[in-house]
Amino acid sequence: MNPHGNSVLLAPSRRSFVGGTTVIAGAAALGLASPSVFGQTPRIRMDIVTFAQDATRLANFEAAVQEMKDRSATDENDPKGWLAVANTHRDFCSIPDDDSSQIHSCYWFIAWHRAYISVTERKIRAISGDDSFSYPYWNWSSDRHIPQAFARAGSSLSDAVRYTPPRRLQDDEVDYIPDDPALRALGVAALSARRFEATTPSRISRSFGGIARPNPAGAYGNNRLERTPHGPVHVYVGGVRDQGDVGDMTDFATAARDPIFFAHHGNLDRLWEVWRQNPAHRATEPTSDAFLNHRFMFTWIDGAPIEVPMSDVVDTTKLGYVYDSLDVFRTAPVGPMASAESVSSRPPAVGRQTLRVPLHPEGVPDETERKILEITEVEAPTQPMTVSVFVKPASAPADELGTSIGTFSAIRSGGQIAWPTQTLSFDITAAAKKYAGEQITVQLIPQRIRAQGAEPETYPQLKFGQMRIVTEGAGDHHR
Ligand code: C2O
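(A) The pairing of strand β10 (residues 403-413), seen in detail. A large share of β10 lies buried, amounting to 11 of its 11 residues. In the sheet, strand β9 (residues 385-393) pairs with β10 via 7 bridges, with the strands oriented antiparallel. Directly across from Phe-390, in β10, lies its bridge partner Ser-404. Two strands pair when backbone bridges link them, and β10 and strand β11 (residues 416-418) are joined in this way by 3 bridges, in the antiparallel orientation. Bridge assignment links Ser-413 to a residue of β11, and that residue is Gln-416. Counting the residues between successive antiparallel strands, the hairpin from β10 to β11 contains 2 residues, one of them, Gly-414, with a positive phi of roughly 60°.

What follows is the structure, given as structure tokens:
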């Protein structure tokens, strides 16, 4: 049971401002969807690299987070404390996948986290007294390591349990697929998703926003963005020490204790804005009452419950912010960003299958058609991991890695792996074109996620149903 299940819902936010009770004071202080916010110039969410150029701004941010952490150390239930902020994530994310309050693995994922970052940055704004404060984001497409501002020893922003492996984020972990020209141009391959809402369970992993909650099939799973780059960046930052000992970011119950959580989700939130710049994408966002009239519950620093209506969440200016840039990369990359690896630098494959790439049926191929590799019924791994998917001709030497077409992660949730039953989908268009009619081998190869000096990594084989290649046409937009 989610502890917030019994919270008293506030009156619709617009009316809240007419009222005057204590409960409403929290919402008023928050200013969510307040008329005064509409007329205001929205605040600008900055790249942490830009944000940190102003030493005073950074010091104010650090001091506010320190104050919140100190409060939690004295009283872990202090609503003004950092732990209270972090535990909100635990209460809505580290719960069973079929719990109606669970906001992962469904179309609340990107929306709830948007509301959550917004509430958190307003708390910091109130506590720091810096009225211009907006939570900075981490552009991991460009910065393949934990940014300096979140890594400085002694800073409240680096004070978290981290077993980050001694390496940079690889291209596939941040969803950069340089071998496919169309995906490379997007910078983050998840931006190729054509629809927000998944209409059938097998499409969840191909949709940008995921499936409705509740849905008749009771089927939940990671949407395309949630799978990658969301998952691998969590696992990279948190990492793993020894068996069962993981960093904050590797477990949803503790992830938001690490201040970098909000910078990671800030970048995902920014990518939602990048994706919805395309009107065809935006047109697929749900307009049902079930979606737009939904309300997310949070707690303000005075302990009062506050609610954020979904209709305010889809438009960042209603929440009072815009991003400093909607370019995926700070400066455009030209090729692979991470150095190419050899097979010997990676743990052995945890799964493989050889299959024939179908020939294109006939006629001129539709330019917008994509080939999708589906891996069905993937069973939950027993431990956190990030797995890269590589393809190569079946005749290629055993020690050849081949071409990376994507990645996925297993994250913990309260000590167990969070793993809704799912089909994993990977855009394999460029490789399918190259190997049309031929036999290829698909290999699942883990990334190194252990801290320096930790036990060597060994991974059990992954169990899955089958791998198959399906075609997705432009017409799938309207399905
Ligand atoms: Cu609710 Cu990245 O987690």
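On we go.
(B) Layout of helix α9 (residues 224-238). Helix length check: α9, at 15 residues, gives a terminal C-alpha distance of 21 Å against a target of 21 Å (1.5 Å per residue), a fit within 8%. At His-230, α9 is bent by approximately 35°, the largest bend along its length, and proline Pro-232 sits one to four residues beyond. With 15 of 15 residues buried, α9 is to be regarded as a mostly interior element.

(C) A look at the sheet that holds strand β14 (residues 467-472). One open sheet holds the 3 strands; their spatial order is β12-β8-β14, and the pairing between them is antiparallel. Every other strand in the sheet has two partners, leaving β12 (422-427) and β14 as the edge strands with one partner each. Across the sheet, the axes of successive neighbouring strands diverge by a mean angle of 30°, strand direction being ignored. Alignment of strand β8 (residues 370-378) against β12, held across 5 bridges, turns out to be antiparallel. Bridging from a neighbouring strand, Ile-372 pairs with Asp-427 of β12.

(D) Spatial organisation of the pattern of salt bridges. By the definition in use, this model includes 31 salt bridges. Of the charged contacts in the structure, one is a salt bridge between Arg-194 and Glu-472, with a shortest N-O distance of 3.4 Å. With Arg-194 in the loop between α8 (181-186) and β2 (197-198) and Glu-472 in strand β14, this pair connects stretches of sequence that are 278 residues apart. Across the pair Arg-206 and Glu-472 runs a salt bridge, and its minimum N-O distance is 3.0 Å.

(E) Region of interest: the packing of helix α5 (residues 55-74) against helix α6 (residues 82-93). Running from N to C, α5 and α6 cross one another at 85°; their axes reach a closest spacing of 6 Å. The angle between the axes of α5 and α6 places the two elements in the roughly perpendicular class. Two secondary-structure elements touch here, α5 through Val-65, Met-68, Lys-69 and Ser-72 and α6 through Trp-82, Leu-83, Ala-84 and Val-85. Looking at the contact of α5 with α6, its residues break down into 6 nonpolar, 1 polar and 1 charged.

(F) Quick peek at the environment of Ile-110. Mapped onto the elements of the fold, Ile-110 is located in helix α7 (residues 109-128). Of the residues examined, Ile-110 reaches a relative accessible area of 3% and is grouped as buried. On a C-alpha basis, the gap between Ile-110 and Leu-225 in space is 8.7 Å, while along the polypeptide they are 115 residues apart. For Ile-110, the contacting residues outside a window of four places in its chain are Phe-196, Leu-225, Leu-268, Asp-269 and Trp-272.

(G) Representation of α6 in the model. Between its first and last C-alpha, α6 extends 17 Å over 12 residues, near the 16 Å set by a 1.5 Å rise per residue. Where burial is concerned, most of α6 is hidden: 9 out of the 12 residues are buried. Within α6 the residues assigned to the buried category are Trp-82, Val-85, Ala-86, Asn-87, Thr-88, His-89, Asp-91, Phe-92 and Cys-93. Where α6 is buried, its residues meet α5, α7, α10 (260-275), β4 (295-299) and β10.

(H) The confidence of the model for the protein, seen in detail. Averaged over the protein, the pLDDT score is 88; the fraction of residues at 70 or greater is 87%. Considering only residues more than four positions removed or in separate chains, one finds that residues 1-29, a stretch of pLDDT under 50, has 46 contacts.

Calculation rules
- Residues numbered from 1 in each chain as written.
- Predicted model: local features only at pLDDT ≥ 70, side-chain atom pairs only at ≥ 80, totals over all residues.
- Heavy atoms only, no water.
- Buried < 20%, exposed > 50% of the residue type's maximum accessible area, 1.4 Å probe, protein only.
- Helix = DSSP H or I, 4+ residues; strand = E, 2+ residues; numbered from the N terminus.
- Pairing = 2+ DSSP bridges.
- Expected span 1.5 Å × (residues − 1).
- Bend = angle between axes of the 7 residues up to and from the residue.
- Axes fitted to C-alpha atoms, helices over the stretch in contact; angles between N-to-C directions.
- Salt bridge = Lys/Arg side-chain N within 4 Å of Asp/Glu carboxyl O.
- Parallel < 35°, antiparallel > 145°, perpendicular 65-115°, else oblique.
- Contact = heavy atoms within 4.5 Å.
- Nonpolar A, V, L, I, M, F, W, Y, C, P; charged D, E, K, R; others polar.
- pLDDT = per-residue confidence, 0-100.

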